[in-house]
Amino acid sequence: EPQQLELATTSERKLRRFIVIDEVVDKLYGSKIREYFEENNVQHKILALPTTEETKSMDMVLDILQEVQDFSIDRRTEPIIAIGGGVCLDIVGLAASLYRRRTPYIRVPTTLLSYVDASVGAKNGVNFLQCKNKLGGYTPPVASFLDRSFIQSTPRRHISNGLGEILKMALMKHKGLFNLLKSHGKHLLDTKFQSCSSFADHGDTALQTTRIAIETMLEELVPNLWEDDLDRLVDFGHLISPELEMRVLPSLMHGEAVNVDMAFMTYVAHARGLISTEEKEQILQCMRGLELPVWHSGCSWTLIQRALRERLKHSGGQPRMPLPTGLGAAEIFNDTSEETLERAYKLWVRD
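Residues numbered from 1 in each chain as written. Predicted model: local features only at pLDDT ≥ 70, side-chain atom pairs only at ≥ 80, totals over all residues. Heavy atoms only, no water.

Colleague: Teacher, can you tell me more about helix α10 (residues 254–271) here?
Modeller: One full turn of an α-helix is made of 3.6 residues, so residues set three or four places apart face in the same direction. For α10, which comprises 18 residues, the first-to-last C-alpha distance of 26 Å matches the rise-based estimate of 26 Å (1.5 Å per residue) to within 8%. Along α10, 17 of the 18 residues are buried, which leaves the element largely enclosed by surrounding structure. Residue G273 follows α10 closely and has a positive phi angle near 80°. (Helix = DSSP H or I, 4+ residues; strand = E, 2+ residues; numbered from the N terminus. Expected span 1.5 Å × (residues − 1). Buried < 20%, exposed > 50% of the residue type's maximum accessible area, 1.4 Å probe, protein only.)

Below, the structure is given as structure tokens:
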């Protein structure tokens, strides 16, 4: 805002920023980030932390808040900046929401998954009692800064991991996005989502894919930002995966666990007659093309039953099960029988 800009440039008080950065990102980009703040004459404190699912806890939130307190920020004009993957953005978001009841924060995602998922929406949180994101709240950032050049330094598996969440939105809402992933998935993996003018045959599929994924996510989230309505298409792939992901840590990444869930639910949709055999095979073929797992030995029938019981507890006594009804179309169902689920599970395991 012009008034804030004028105040910042004319004020005798030096600009100050507190930055939390994932320690891996710090090794790659820390020197450039420090150089940026120094050249712009910004007094800054950079806190590098190991932000992983295993460390995503209230202990880390409290460690961050102790450092914030020592640095002494102005909660109205000095936003906390989070630079890292989804775990980092979630932890910092919760810390900011608690400090002085609400301190502004900025998200800078550095992985594909956080770029299309954690950067969008209002949720933040940490794991508690071996349950994923059991503690958290709804405090949106004041801004998310998206820069795909960060993604080029992430391993190929991390790119594939992010593609799981993009595929979720494609299957639920956008057949054009599904076709992009089916046709250009390998290219996106090979080029790590960088815009390359030398690949004329592909166009700028990286920009197209991420833009459509974010726009479709926003279409779903914005009218229901605080989740007052529990019927949410964005929950596709998130009925079984929270239980599975925490149970098998660290063997599955978030997007991989989501994809295992989506693969099973694709069989459920087929068992219910919602999608044809050809559509089921197209979905599974696309998943494999994106180098995503379509099954995991840890996803037992017992785990599925337990996960669905947990789902009922937290969704008003209804399963609210999003299922594809075609490629790029979906509905939410509350009437899938246990017999149908078990039949789908047996076919899934067999295949």
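Colleague: Explain the sheet that holds strand β2 (residues 43–49) to me, please; I cannot follow it from the model alone.
Modeller: Hydrogen bonding along the main chain pairs the strands of a sheet, whether they run parallel or antiparallel. Sheet architecture is open: five strands sit in the order β2-β1-β3-β4-β7, paired in parallel fashion. Looking at strand neighbours, the two that pair on one side only are β2 and β7 (143–144), the edges of this open sheet. Sheet topology places strand β1 (residues 16–22) next to β2; seven bridges connect them, and they run parallel. Across the sheet, V20 pairs through a bridge with L47, a residue of β2. In the packing of helix α2 (residues 23–39) onto the sheet, the strands contacted are β1, β2 and β3 (80–84), and the crossing angle to β1 comes to about 160°. Here helix α4 (residues 86–98) sits on the sheet and contacts β1, β3 and β4 (105–109); the angle it forms with β3, its principal contact strand, is near 165°. (Pairing = 2+ DSSP bridges. Contact = heavy atoms within 4.5 Å. Axes fitted to C-alpha atoms, helices over the stretch in contact; angles between N-to-C directions.)

Colleague: Explain the nonpolar core to me, please; I cannot follow it from the model alone.
Modeller: Among soluble globular proteins, nonpolar side chains are generally buried collectively. L167, I240 and F264 are the most contacted members of the largest nonpolar core, which totals 68 residues. Ranked by residues supplied to this core, first place goes to α10 with eleven residues. When residues of this core are sorted by domain, at least three fall in each of domain 1 (2–152) and domain 2 (155–224 + 232–350). Setting aside its immediate chain neighbours within four residues, F264 contacts I240, I304, L341, A344, Y345 and W348. Within the second largest apolar cluster, 25 residues are counted, among which are V20, F71, A95 and A96. (Core = buried A, V, L, I, M, F, W, Y, C linked by side-chain atoms within 4.5 Å. Domains from an automatic or database assignment.)

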